[in-house]
Each structure stands twice: as C-alpha cells, then as structure tokens.
Amino acid sequence: MERRIRGRAASEGLAIGPAVILRALEGAHRTKGSIAEEHAALAAAVAGAREAVADLTASLAGDAAELIGFQLALLEDDALTESAYARIERGDAAEDAWRAAMAAEIAGYESADDEYFRARASDLADIRDRVLRHLFGLADDGRLPDGAIVVARDLAPSAFLGVDWSKGGGIALGEGSPTSHVAMLARGRGVPMVVGLGRDLDSLTGVLLVDGTRAEVVIGPSPERMALARTEGDELRHRKAEAIARQHEPALTRDGTPVTVLINISGPDDMAIVPARACDGVGLARTEFLTANLLHDEDAQYRAYAELMRWADGRPVTIRTLDAGGDKPIPGYTVDGESNPFLGLRGIRLSLRHPDVFRVQLRALSRAAALGPLKVMLPMVTNAGELDAARGHLRAVLSDLAKERVACSEPVFGIMIEVPAAALAAQDFAADFFSIGTNDLTQYATAASRDGAEVADYADVLHPGVLAMIAHVVRAGAARGVEVSICGDAAGDLRAIPALLKAGVRALSVSPGLLPQVKAAIREIDLAKLGEGA
Ligand code: PEP
Ligand code: MG
C-alpha cells in the first residue's frame, strides 16, 4: 500500500528511485570490540572513505576536484591515522579514537597563520565525517546507486555536489528549506526535491516517488501512480524542451513589456548550464564559492572574474563582494559562536572589519572591470555610511592601481537590498543600482529563518509586507534613476513572478537552470490583467 507524506516543494519535477538514507552522525552507535577488531574497523572505514573519494575525484573538475583531491591526499597520509591507532591501543573505541585524533588535527588547522590552511579545516571535518559514516555503516554520499532518492535530515551543499545527478535521482529531506543553498543547487541542476517531511525518516524506505511540484513523497508508489508520474514527467520535460528552444529570445510579457532576465552564478559549473547569449548578463555572482580559499590571492581572484567576463562576452556582469557569514561561513574568517549568525557580522559588515581582505577583492574586481561592463554589488548593506566607506576603499584601490600602472577601470557600484531597514530607506542610498535579495529580505521581514523547516510557511515572499517593501524599493530606484532587479530566489519562483512584475520589477536574476521556464512564464503574463493582490 502506498503512503504519501507532504512536505514543501524545493525543486520541481518527478523522480522515482530507491531510497538511500544518509543518516546524521549524531545518535549513531556501534558495539566496541577487541583492540584488534577496533583497529581493523578503523582501517576498513578509512579505506572505504578513500575509495569513495577517489571515485569522486575522477568525476569532478575545477574547484570541486581540487577540494576533493586535497581530501584524498590526506586520507592517503598515514600520519593522519597514526594517533588514532595509538589511542585504540590504549583502549579507545575506533570512533572515539578517530574523533579525538581529528579534533587535534582540525584545531591545528584552525589556528594556522596561513589563511589557506585555516580554510582547509572544513575539509578535515568532512573527512572526519566520511570515515565515521563508513565506521557506523551509514551510506557514503559518494557511492549512491544511479537514480537514487537521497533521504536525509538535511543535506550540505558539498554532499549535493558529491553526487552524480546526471543519472537521475531526487532528494527528500526531513528538515531543510526551499531557500537553502542546497535547494538552489537542486533547482539549478533540475533535481526534484521536497523538504520539511518531518523527523520520521525511517519510513522513507524502498521505492520512493519524489514529486517536487506537488510537494510530496510517495512511499511504495502503485504501478498506476508510477505510470502517471512517468507521463507527467514526460510532459514536464516536453514543456521544458519547448522553453529551452525559445530561451534565446527576449522575454516580453503578452502586452509587449520587456523584462531583463539575468542569471545567478554560484560556482564555476553554473556557466555551463546556459549559453551566455540566452541571458541578459549576470545579475549576481556569489564570490563566497569562488574565493573561499583565495581571500588574499588577488591574481587568482582576477582570473576567476576575468573568466566570467569572457563568458558573458560583453553582457553586464554583477559580482558581489564576499557575503561570508550567516549560512555561508568561511572557517578562519567568519566569527565562530555568534548567538545568531544571520543577525551577526556578515557580508559588508565583515568586509569593512577586514579592509585587507576587502581591498584585495576590490583590486581584483577593478582590474576585471577593464575587460568589460562589470558591476560590483555589496551584500547586507544596512546604513548609507557602509556604502560610503566601501566607496572610499574602492577609490583608494583605484588610485593605487593607477600609480602602479595596472590596467583597471572604475566599476559600477551598487548594493543589495536585503535588510528591511535598508529597503524602507532605499531612497537614501546613493548606489548605482539596487538588487533585492528576497531570500534574506523575506527571512528578516517575516522573522522566519530561511533554513528552518518549522517556520518555512512564514518565510513567504508573497506576504503583503514583503511585497510592499519590494514596491517601495522599485519606487526609490525610479526616483533616483537607478535600475532595480531581484536576485533572490523569488525571481525564479513561477508563483511569485506575476506579483513581482506587478510591484514594478522589470529585471530578474535567476538560477541558470530556471532561465528557460522563467522566460516562458513572463511570456504568459499580461500586465494589464494582473488582478488585485496578484
Ligand atoms: C538573497 O538573500 O536573496 C540573496 C540573493 O543572497 P544569498 O541567497 O546569497 O544570501
Ligand atoms: Mg542574501
């Protein structure tokens, strides 16, 4: 008998496949054996993790391959396991010995003077958990069967990137949120995903149907339902194919109003998802992912930005300065132990506290601006003074570069509007453009965390209060004569697009995988006919 569990839609589409539960490590336990058995168990777990990581390395490219390559090198280094084996000899269980040995190792990396090594602490934590998963007999995310449905309490972006989604598959999460980064990645890659299914993951076994459109998971779907899902899946693919066939055409509403459709880039792989000529440029490039290990490396940053400029081929490219903190911690840079990281030192607040790091990025960006129309965007701006201070750093950097006779150009300098106080005071910001970050704006305005399953229904961009703020920013932008776009996830949410256009927004920046459907949805809208409250 089939059973249905309702959750929240995080990425549309249908996937049918075998459930693979990725259990959280908390609460996992095993029975301790003799010293020899514990030694053998740890050796087998390290070997299993090494094999899984080696498989992964072969299938990845770019930054992801470099990250995993580092993990492989560590797993192949006996020095990492020696102190764990010594602890086992003294009577520790394999998991305790491994945890203690890794804790010492991670602490060493975290206190390193070199930024590069500090940033690697999170890779070590990843390795620690991979080995523990093998030790406890939990599935390792690197070795899922093709087309599997990943079932977990929550999923880290790195775990998502470790799965080969080209063979199909879907995601069913007990917790999580549609606005989390992993949900964004899933939408970008077209992986069906439902979140907020509740704590009882044990019932999600056997064959599962993930329906990312109806926001439900069916356990043991009947043959009729599977047939229906396959037909629906075919229709969806057909609609997508039609939208892709027209993705190069401009997006005009039914009544002929043009809407600018840009894309969001969250990592180098995103450039391969749509051709540049299908979009009007890049509305948001998130540099946390491009530069996590490169905070002091101006040349490496310049190369990454220059690659983006080359890809865009003359179209405007908006690159956001580092938005570390909140849901995007960078070990060794962001503050540990904040009581509420979303309300703490993040984005521009942190950049202004670290002018050395900030200026490296502004130098790399000013150099890249010599290559084409580059726009720099500041995240999490709250006060007009922050924009002034950031401009001060930009001017200083431009003057240094000119003295050094390094090719550079002054970039267009704008801000994200994602703090409610800034939204309501948008008229006071002398920025060259505004881009509304609806993910954060919505969570702050509705007092509902963007990654909290229990309050996900509250974090609704269609709340009249949030829409009123968006409309206010549009009016403030018009009064100042600057462009207003939306780069939060609402821009790619087909349900929200009519309301955003009704609020006066005419530029949307979306996850690249959604671009064809967003353009198709815009073509269906008749602005004159949008009803009250649409
Ligand atoms: C947003 O907050 O809407 C946004 C685009 O920024 P991020 O999701 O990276 O915080
Ligand atoms: Mg944000």
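Residues numbered from 1 in each chain as written. Chains lettered and ligands numbered in written order. Predicted model: local features only at pLDDT ≥ 70, side-chain atom pairs only at ≥ 80, totals over all residues. Heavy atoms only, no water.

Colleague: Provide a residue-level description of the sheet that holds strand β8 (residues 216–219), including the pertinent values.
Modeller: Spatially, the 8 strands line up as an open sheet ordered β1-β8-β7-β3-β4-β5-β6-β2, and their pairing is mixed. Lying at the two open borders of the sheet, with one neighbouring strand each, are β1 (3–6) and β2 (8–11). Here the strands of the sheet are splayed against their neighbours by 30° on average, with no regard to which way each runs. Here strand β4 (residues 149–152) pairs with strand β5 (residues 170–173) via 4 bridges, running parallel. When the bridges of β5 are listed, V151 appears paired with A172. Each of β2 and β6 (193–195) is contacted by helix α8 (residues 181–189), which is oriented at about 60° to β2, the strand it contacts most. Packed onto the sheet, helix α9 (residues 223–245) meets β1, β3 (14–22), β7 (207–211) and β8 and runs at close to 115° relative to β3. (Pairing = 2+ DSSP bridges. Helix = DSSP H or I, 4+ residues; strand = E, 2+ residues; numbered from the N terminus. Axes fitted to C-alpha atoms, helices over the stretch in contact; angles between N-to-C directions. Contact = heavy atoms within 4.5 Å.)

Colleague: I'd love a proper account of the coordination of the magnesium ion (ligand 2), names of residues and values included.
Modeller: Coordination of the magnesium ion (ligand 2) by the protein comes from E418 (OE) and D440 (OD), over a distance range of 2.0 to 2.2 Å. Here D440 lies in helix α16 (residues 438–446) and E418 lies in the loop between β14 (412–417) and α15 (420–424), a separation of 22 residues in the sequence. The residues E418 and D440 share a single accessibility class, namely buried. (Donors = N, O, S within 2.8 Å, 3.2 Å for Na, K, Ca; no water. Buried < 20%, exposed > 50% of the residue type's maximum accessible area, 1.4 Å probe, protein only.)

Colleague: Residue-level account of the site of ligand 1, with values.
Modeller: If you check the shell around ligand 1, you find 16 residues, and the closest are R286, R320, K328, N439 and R450. The backbone of T438 places a nitrogen or oxygen atom 3.1 Å from an oxygen atom of ligand 1. Burial of ligand 1 by the surrounding chains reaches 100%, relative to a free accessible area of 290 Å². For the shell around ligand 1, the secondary-structure elements that each account for two or more residues are β11 (282–286) and α16. (Near = heavy atom within 4 Å. Polar contact = N/O pair within 3.5 Å; in protein donor to acceptor, adjacent residues only side chain to side chain. Areas by Shrake-Rupley, 256 points an atom, 1.4 Å probe, with all protein chains shown as cover.)

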